[in-house]
Amino acid sequence: MHQKYTLTVADIEINVISDESPEAVEALVSIVDRKMREIASKSRNCPKTEAAILCALDYCSDRIRAQRKVK
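Since the structure is predicted, the reported quantities are computational estimates derived from the model, not experimental observations. Chains are numbered independently. Their residues run from 1 in the order of the written sequence. Under the rules for a predicted model, residues below a pLDDT of 70 receive no local features and side-chain atom pairs below 80 are neither given nor counted, while totals for whole chains, interfaces and linings still include all residues. To obtain the side-chain values, all non-hydrogen atoms of the structure were included, while hydrogens and water were left out.

Q: How would you summarise a nonpolar patch on the surface if you had to cite specific residues and measurements?
A: For patch detection, residues must exceed 30% relative accessible area and be free of salt bridges, and they are connected within 9 Å for like charges or within 5 Å for nonpolar side chains (Val, Leu, Ile, Met, Phe, Trp, Tyr). The protein chains shown are the only cover counted for residues, whose accessible areas, like all others here, come from Shrake-Rupley with a 1.4 Å probe. Any carboxyl oxygen of Asp or Glu that lies within 4 Å of a side-chain nitrogen of Lys or Arg is treated as forming a salt bridge with it. Taken together, Ile53, Leu54 and Leu57 make up a surface patch of nonpolar side chains, about 290 Å² in accessible area. The secondary structure listing takes helices from DSSP runs of H or I that are at least 4 residues long and strands from runs of E that are at least 2 residues long, numbered from the N terminus. Relative to the elements of secondary structure, isoleucine 53 occurs in helix H2 (residues 48-70).

Structure, rendered in structure tokens:
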């Protein structure tokens, strides 16, 4: 069932619709928020948009590595 959530990631508020449970959404938000803050803390001049892109790239890299291991 679609549910609307208002999420805050790295002090950025966003509305999303998801079929996931509130607990699953909160767990995901926690992971992304932590990763974006970690990236931003390493480079104080890193805008949040760049931190978000770097976070996505890091996730994709991890996923590709995991898929290669499965093969």
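On we go from here.
Q: Got a sec to walk through helix H1 (residues 22-42)? Specific residues and values, please.
A: By this rule the span expected of a helix is its residue count minus one, scaled by 1.5 Å. With 21 residues, H1 extends 30 Å from end C-alpha to end C-alpha; this agrees with the ideal 30 Å at 1.5 Å per step. When a residue's accessible area, from a 1.4 Å probe over protein chains only, is under 20% of the maximum for its type it is buried; when over 50% it is exposed; and in between it is partly exposed. All of the buried residues along H1 are Val25, Val29, Asp33, Met36 and Ile39. Summarising the axial view, the buried residues of H1 lie within an arc of 130 degrees, below the 170-degree limit, and thus occupy one face. Across H1 from its buried face, at more than 90 degrees, point the exposed residues Glu23, Arg34, Ser41 and Lys42. By the convention used here, residues are in contact when the closest approach between their heavy atoms is within 4.5 Å. Looking at the packing, one finds that the buried side of H1 touches strand E1 (3-9), strand E2 (12-18) and H2. The directions considered for the arc are those from the helix axis to the C-beta atoms.

Q: Which residues make up the environment of alanine 10, and what are the values?
A: Relative to the helices and strands, alanine 10 resides in the loop between E1 and E2. The spacing of alanine 10 and aspartate 33 is 23 residues in sequence and 5.3 Å in space, taken between C-alpha atoms. The contact partners of alanine 10, leaving out residues within four places of it in the chain, are Asp33, Met36, Arg37 and Lys48.

Q: Just give me the short version of the pattern of salt bridges, but keep the residues and values in it.
A: For the coordinates displayed, the defined rule picks out seven salt bridges. Ionic pairing is found between lysine 42 and glutamate 38, a salt bridge with its closest N-O pair at 3.6 Å. Highlighted residues: lysine 42 and glutamate 38, both in helix H1, separated by four residues, approximately one helical turn. Since its relative accessible area comes to 66%, lysine 42 is described here as exposed. The class for glutamate 38 is partly exposed, based on a relative accessible area of 34%. When salt bridges that share partners are traced, they join Asp11, Asp33, Arg37 and Lys48 into one network.

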